[in-house]
Amino acid sequence: MADVGGGSGGITATQRILGWFPERVQLHLAMLALQFGYAGFHVVSRAALNMGISKIVFPVYRNILAFILLVPFAYFLEKKERPPINLNFLIQFFLLAVVGITANQGFYLLGLDNTSPTFASAIQNSVPAITFLMAAILRIEKVRLDRKDGISKVFGTLFCIAGASVITLYKGPTIYSPSPSLNSIREMSPVLKSLGDANGKSWTLGCLYLIGHCLSWSGWLVLQAPVLKKYPARLSFTSYQCFFGILQFIVLAAFMERDMNAWLIHTGSELFSVFYAGVVASGIAFAVQIWCIQKGGPVFVALYQPVQTLVVALMASVALGEEFYLGGIIGAVLIITGLYLVLWGKSEERKFMLIEKAQVNDTDNDLPRSSIVQPLLSQSNGNV
């Protein structure tokens, strides 16, 4: 890109525009855009299912697009940090693809088809708590019940489990239906009218599928941690999993999707849904999320997750004419409360670790603390 301004010392137009916004503002804007992108994915995926797209074909095309998008960046950006590939790595990538792509995406589509985008998004808020529970069972995560951080994480996990149980077992009465004005707008738009919120599905079965989706996602997060320590090239790591995920879905399709007509894209709406899922929700969103985690930390990124649920609710109400049920709202409140308790516990645990590390450094060096230790928590960390 051409330089802007002779005396600017080679600053590009993009750098100058970004310079108008502090990094803190850039992070918040990026996270809001990310949540809108993911919210759109929930609604677009449900719309695709309502239009009749195959639940096997859809993830195949999605992962092919994500793979095509990721491979060039993985190849050129990670030449130096990518370890040599071997059979052991390939087996681990294959198994992670089973959990993190095939089971994860398969359960999600089955659950979404039987419930709604709003509750699919709401139940995803339980993933951090389920991940903590799995890590604690496998003794990867330590639980200190004698400290407030350990108690907070345990209670947060219980709240998430309670919320998921309420959503699954209790649908409850309808407490919100789209207003007549929204319905009239949908009737006037042939595209929105064709989407419609599909009825006659099994709500309980759908919620069980979504719980399977969250368990798969959490299991993938736990299982990939030791692999990433040996293979730190994240883009290449994800590309290999996309490749194996494509192969696994194709094998499933050979047994479950015999109709060759299902592989054809019949309308522009179906093409848009596949393109959105592969490019926006898998490719672009992944890159934005990595940048946000690097700059703001994983806790900051996770704190924005409930925003996605709110945006999904608004989008689904307008585009799909979705109704809201009492059980789903109670469950969503419990899950979001549990999410914040777990995140707060993780934040407090990090503070305790910093304090303990500083004390160990003091003892090892046997010097006055003020001469060797920086402030325990700098103002730039933890508060974005």
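Let us look at the overall build of the protein. Of the regular secondary structure elements, the protein holds 16 helices and 2 strands. Within the protein, the proportion of its 384 residues that are buried is 44%. Accessible surface, the protein: about 19900 Å² in total, of which carbon and sulfur atoms supply 68%.

Core analysis: the largest hydrophobic core is formed by 29 residues, its most contacted members being Phe41, Ile53, Phe58, Tyr108 and Ile123. Residue assignment for this core shows that the elements contributing at least two residues are helix H2 (23–50), helix H4 (87–114), helix H5 (117–124), helix H6 (127–137), helix H7 (148–169), helix H10 (203–230), helix H12 (268–296) and helix H15 (326–365). Filtering out sequence-adjacent residues up to four positions away, Tyr108 remains in contact with Phe41, His42, Ser45, Ala120, Gln124, Leu210 and His213. If you look at the next biggest cluster of nonpolar residues, it comprises 11 residues, including Phe93, Tyr231, Ala233 and Phe244.

Here the focus is H6. Along H6, the residues that are buried comprise Val127, Ala129, Ile130, Thr131, Phe132 and Ala135. Note on H6: the residue one or two positions beyond its end, Arg139, has a positive phi of about 65°.

Tallying each qualifying case throughout the model produces 0 disulfides. Free of any disulfide, Cys160 has its nearest cysteine sulfur in Cys214, 9.6 Å distant. Since its relative accessible area comes to 3%, Cys160 is described here as buried.

When the terminal C-alpha atoms of helix H3 (residues 57–77) are compared, their 31 Å separation across 21 residues agrees well with the 30 Å that a helix rising 1.5 Å per residue should span. In the structure, H3 departs most strongly from a straight axis at Leu70, where the bend amounts to approximately 30° and where the proline Pro72 lies between one and four residues downstream. Where the residues of H3 are buried, they touch H2, H4, helix H11 (234–256) and H12.

If you trace the backbone, Arg82 turns up in the loop between H3 and H4. Excluding its chain neighbours within four sequence positions, the residues that come into contact with Arg82 are Ala74, Tyr75, Tyr231, Ala233 and Ser236. A distance of 2.7 Å separates the side chain of Arg82 from the backbone oxygen of Ala74, its partner in a polar contact.

On to a nonpolar patch on the surface. Taken together, the side chains of Leu133, Ile137, Leu138, Ile140, Val143, Leu145, Ile151, Phe155, Leu158, Phe159 and Ile161 define a hydrophobic patch exposed on the protein surface, amounting to about 1000 Å² of accessible area. Elements with a minimum of two residues in the nonpolar patch: H6 and H7. Considering each element in turn, the nonpolar patch owes the most residues, 5 residues, to H7. The topology assignment puts Ile151 in helix H7. Here Ile151 falls in the partly exposed class, since its relative accessible area comes to 36%.

On to the packing of H6 against H7, then. Two numbers describe how H6 lies on H7: the axes approach to 9 Å, and their chain directions differ by 120°. By the criterion of interaxial angle, the relationship of H6 to H7 is oblique. Of the two elements, H6 crosses H7, and the hand of that crossing is left-handed. Of the residues in H7, those touching H6 at Ala129, Phe132 and Leu133 are Lys153, Val154, Gly156, Thr157, Cys160 and Ile161. In the contact of H6 with H7, the residues fall into 6 nonpolar, 2 polar and 1 charged.

Attention now moves to the packing of aromatic side chains. Applying the stated criterion across every chain, the model contains 16 aromatic pairs. Ring geometry for Phe94 versus Phe244: centroids 5.7 Å apart, planes at 80°, classification edge-to-face. With Phe94 in helix H4 and Phe244 in helix H11, this pair connects stretches of sequence that are 150 residues apart. Here Phe94 falls in the partly exposed class, since its relative accessible area comes to 36%. Look at Tyr231 and Tyr240: their rings are 6.5 Å apart centre to centre, the planes differ by 80°, and that puts the pair in the edge-to-face class. Taking the relative accessible area as the measure of exposure, Tyr231 reaches 0% and is therefore buried.

Further remarks concern the environment of Met256. Checked against the element boundaries, Met256 lands in helix H11. Spatially, the C-alpha atoms of Met256 and Ile56 are 8.0 Å apart, while their sequence positions differ by 200 residues.

Bringing the confidence of the model for the protein into the picture now. Predicted confidence across the protein gives a mean pLDDT of 80, with 82% of residues reaching 70 or more. The element-level mean pLDDT for the protein is lowest in helix H16 (residues 369–372), coming to 37, with H4 highest at 94. Residue range residues 1–8 is modelled with pLDDT below 50. Its contacts to residues more than four positions away, or to other chains, number 13 contacts. Per-residue pLDDT stays below 50 along residues 367–384; that stretch engages in 20 contacts with residues further than four places along the chain or on separate chains.

On the secondary structure map, Glu257 appears in the loop between H11 and H12. In this structure, Glu257 is buried with no salt-bridge partner, the nearest side chain bearing the opposite charge being Lys55 at 7.9 Å. At 2.6 Å, the side chain of Glu257 forms a polar contact with the side chain of Ser54. When residues no more than four places from it in sequence are discounted, the contact partners of Glu257 are Ser54, Ile56, Val57, Leu252, Ala262 and Trp263.

Cut-off values and rules
Residues numbered from 1 in each chain as written. Predicted model: local features only at pLDDT ≥ 70, side-chain atom pairs only at ≥ 80, totals over all residues. Heavy atoms only, no water. Helix = DSSP H or I, 4+ residues; strand = E, 2+ residues; numbered from the N terminus. Buried < 20%, exposed > 50% of the residue type's maximum accessible area, 1.4 Å probe, protein only. Areas by Shrake-Rupley, 256 points an atom, 1.4 Å probe, with all protein chains shown as cover. Core = buried A, V, L, I, M, F, W, Y, C linked by side-chain atoms within 4.5 Å. Contact = heavy atoms within 4.5 Å. Disulfide = S-S within 2.5 Å. Expected span 1.5 Å × (residues − 1). Bend = angle between axes of the 7 residues up to and from the residue. Polar contact = N/O pair within 3.5 Å; in protein donor to acceptor, adjacent residues only side chain to side chain. Patch = residues over 30% accessible without salt bridge, like charges linked within 9 Å, V, L, I, M, F, W, Y side chains within 5 Å. Salt bridge = Lys/Arg side-chain N within 4 Å of Asp/Glu carboxyl O. Axes fitted to C-alpha atoms, helices over the stretch in contact; angles between N-to-C directions. Parallel < 35°, antiparallel > 145°, perpendicular 65-115°, else oblique. Left-handed = near helix turned anticlockwise from the far one by under 90°. Nonpolar A, V, L, I, M, F, W, Y, C, P; charged D, E, K, R; others polar. Phe/Tyr/Trp six-rings, centres within 6.5 Å; stacked < 30°, edge-to-face > 60°. pLDDT = per-residue confidence, 0-100. Lys, Arg positive; Asp, Glu negative; His and termini not counted.

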